[in-house]
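# Descriptive analysis of the structure
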Amino acid sequence: WEMCRAERSGKQWDVCFIGYPYPSRVAFIRQLRQLLPQSVGMVLVGDTWDQKGIGNVTLYPTLGEVDTARIGQRGRIVVCKHRTEADIGGFPVIAPTSVNRGYIECAYRALVMIDADRPESSFTDEVVRFETVEGAAERVQHYLAHPSELETMSGRAFARAPEFTHQARMHKLLNAMRSTR
């Protein structure tokens, strides 16, 4: 959080995706890349994306927290896609309220787009939700064509970032434990 708060580096990519290439994510990114103009710069971060045959993207393996944040900060839009039960062998995904995509990404000073697969979330109007890959592509193109709207949404997400630091989450947990006495 501190590094992201202090650093305001230039934006290098239009779309950034950070995460393991589960099958549903690969299909989503492949379709998204096809729906977006080739001029839209895209970066993918995660091991084995380089083996998925998606063209016209910049690829990085899984990186440490600081290096990942540096890449995330250089994206205008960070797209978050939850994994599905089919991605993990039919086992149930983690309860929606425990881990939601987008918390860390808010600190990147980018517009955060999150799929609607798990609607329970702490987010309200500071992130953009999408239902389909076509909807995601439409929103990406809209916000890239309207930079002032993109900047407004980026600011809203960034303003929420302090709520999701380890310190803030621990404080909330401890207060909840104290209130049960």
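You'll find the structure just up there.
Description of the structure in this document.

Thresholds applied
Residues numbered from 1 in each chain as written. Predicted model: local features only at pLDDT ≥ 70, side-chain atom pairs only at ≥ 80, totals over all residues. Heavy atoms only, no water. Salt bridge = Lys/Arg side-chain N within 4 Å of Asp/Glu carboxyl O. Helix = DSSP H or I, 4+ residues; strand = E, 2+ residues; numbered from the N terminus. Buried < 20%, exposed > 50% of the residue type's maximum accessible area, 1.4 Å probe, protein only.

### Observations regarding the pattern of salt bridges
- Tallying each qualifying case throughout the model produces 4 salt bridges.
- For the salt bridge of Lys81 with Asp115, the shortest nitrogen-to-oxygen distance reads 3.6 Å. Separated by 34 residues along the polypeptide, Lys81 in the loop between β4 (75-80) and β5 (111-115) and Asp115 in strand β5 bring together distant segments of the chain.
- Judged by its relative accessible area of 2%, Asp115 is buried.
- Among the ionic pairs, Arg156 bridges to Asp125, the shortest N-O distance being 3.9 Å. Of this pair, Arg156 sits in helix α5 (residues 147-160) while Asp125 sits in the loop between β5 and β6 (128-130), and the two are 31 residues apart along the sequence.
- Classification of Arg156 as partly exposed rests on a relative accessible area of 36%.
- Asp125 sits in the partly exposed class, given a relative accessible area of 47%.

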